[in-house]
Amino acid sequence: MAEGAPAFRPDVLILGDSHAVALQAGCAAHGIVPAVLSFSGNLWHQGQIGLSPRTGIRARGRVWQGRVTDLGRALGRDNVLSAELPVLACFGFHLGRIVPAFGYNGHQADRDLFLADPEAQFASSGLVQAYAASMRRGHLRMLAQLARRVPTLAVVPPAIYPPGNYPAFVETLKEGIRALGVPLIDPSAELFPGAAGLPGAFRSDDGVHGNADYGAAAIGMMIARGLIVRPGRA
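How each quantity is defined
- Residues numbered from 1 in each chain as written.
- Predicted model: local features only at pLDDT ≥ 70, side-chain atom pairs only at ≥ 80, totals over all residues.
- Heavy atoms only, no water.
- 1 Å grid on protein atoms, 1.4 Å probe; cavity = no way out; pocket = protein on both sides within 12 Å on 5 of 7 lines; lining within 4 Å.
- Points joined across faces, edges and corners; volume = space filled by probe spheres on them.
- Nonpolar A, V, L, I, M, F, W, Y, C, P; charged D, E, K, R; others polar.
- Helix = DSSP H or I, 4+ residues; strand = E, 2+ residues; numbered from the N terminus.
- Expected span 1.5 Å × (residues − 1).
- Contact = heavy atoms within 4.5 Å.
- Axes fitted to C-alpha atoms, helices over the stretch in contact; angles between N-to-C directions.
- Parallel < 35°, antiparallel > 145°, perpendicular 65-115°, else oblique.
- Left-handed = near helix turned anticlockwise from the far one by under 90°.
- Pairing = 2+ DSSP bridges.
- Salt bridge = Lys/Arg side-chain N within 4 Å of Asp/Glu carboxyl O.
- Buried < 20%, exposed > 50% of the residue type's maximum accessible area, 1.4 Å probe, protein only.

A.B. asks: Lay out empty space enclosed by the protein with the relevant residues and their values.
C.D. replies: The final tally for this structure, using the stated rule, is one cavity of 30 Å³ or more. A volume near 70 Å³ is recorded for the largest cavity. Considering the residues around the largest cavity, the lining is formed by His19, Ala22, Leu23, Cys90, Val155, Val156, Pro157, Pro158, Pro187, Gly210 and Tyr214. Looking at the lining of the largest cavity residue by residue, the class counts come to nine nonpolar, two polar and no charged.

Below, the structure is given as structure tokens:
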């Protein structure tokens, strides 16, 4: 990187999929400057995003790697990762890419829903764990490696989808992340305990993401717990 390159000094790096939008809005609401690297859940699901010793993050494809290069240029360095820049990691779930396929033949992980549907096939917790591991082992490995390099907080996506297989996969993946020793927070579960999914007022217009109000509430909770430090309050 050439001397005198423009230097962007964010307070946090948000790395993930489209759920990064709400977290970005939440940071802005609390006076926190975020850097953002957001890629489609399809790219994450396909294993197109990983770590790089040179640039920090590796994205296959010139367009996607261009996002990493552009951020590095703004930061004034090649490697976008730094021990001084904590990461909010909203990747590793991408449930829409795996849960529908899991239930295609009627497999149901929720006992009550299974009993209520004579066409359903029961899916044990072991089956859910094995399936989730086969699909997300690489993502969890990346989270663990990332956490060894830089301060990392895994952020669970908001509870959007219906009961049944989706909650089972969320809990399984949360357990997998915690087992690796990666700090994790599930904002919607803690903000709205007992709720049947994310309340409508906190959903985006497309219905499958949290909105800016959700992002502000989630980031506010992280600040209150000392998981994110506001500028000037370190």
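A.B. asks: Mind laying out helix H3 (residues 62-75), listing which residues take part and the relevant values?
C.D. replies: Helix length check: H3 (14 residues) gives 20 Å between terminal C-alpha atoms against 20 Å at 1.5 Å per residue, within 8%. If you follow the buried residues of H3, they end up packed against strand E1 (12-16), strand E2 (34-38) and strand E4 (56-59). Looking one or two residues past H3, Gly76 carries a phi angle of roughly 80°, positive in sign.

A.B. asks: Describe the packing of helix H6 (residues 125-149) against helix H7 (residues 165-179), naming the residues involved and giving the relevant values.
C.D. replies: Taken N-terminus to C-terminus, the directions of H6 and H7 make an angle of 45°; their axes are 10 Å apart at the nearest point. Considering the angle they form, H6 stands oblique to H7. At the point where H6 passes H7, the crossing takes the right-handed sense. Contacts between H6 and H7 involve Val128, Gln129, Tyr131, Ala132, Arg136, Leu140 and Leu143 from the first element and Ala168, Phe169, Thr172, Leu173, Glu175, Gly176 and Ile177 from the second. Considering only residue class, the contact of H6 with H7 consists of nine nonpolar, three polar and two charged.

A.B. asks: Describe the sheet that holds strand E9 (residues 184-185), with residues and values.
C.D. replies: Strand order in the open sheet made by the five strands is E2-E1-E5-E8-E9, with parallel pairing throughout. Pairing within the sheet leaves two strands with one partner each, and these edge strands are E2 and E9. Across three bridges, strand E5 (residues 87-90) lies against strand E8 (residues 152-155) in parallel orientation. Bridge pairing in E8 places Ala89 opposite Ala154. Across the sheet, H3 touches E1 and E2, and the angle it forms with E2 is around 165°.

A.B. asks: So what about the pattern of salt bridges? Which residues, and what values?
C.D. replies: The full count for this structure, using the stated rule, is five salt bridges. Between Arg225 and Glu190 there is a salt bridge, with its nearest N and O atoms 2.1 Å apart. Linking Arg225 in the segment after helix H9 (212-224) with Glu190 in helix H8 (residues 187-191), this pair joins segments that are 35 residues apart in sequence. Residue Arg225 is classed as partly exposed on the basis of its relative accessible area of 47%.

A.B. asks: Quick one: what's the story with the layout of surface pockets, residue by residue and with numbers?
C.D. replies: Looking at the largest pocket, its volume works out to about 680 Å³. Along its surface, the largest pocket is lined by 41 residues, and Pro157, Pro158, Ala159, Ile160 and Tyr161 are the ones closest to its centre. At the level of elements, H7 and H8 are the ones that each hand at least two residues to the lining of the largest pocket. Counting residues per element, the lining of the largest pocket draws most heavily on H7, at five residues. Residues that form the lining of the largest pocket fall into these classes: 24 nonpolar, eleven polar and six charged. One number sums up the size of the second largest pocket: a volume of about 180 Å³. Contributing to the lining of the second largest pocket are Pro10, Asp11, Val12, Glu84, Pro86, Val87, Leu88, Leu153, Gly226, Leu227, Ile228 and Val229. Classifying every residue of the lining of the second largest pocket gives nine nonpolar, one polar and two charged.

These results come straight from atomic positions and should not be treated as a statement about function.
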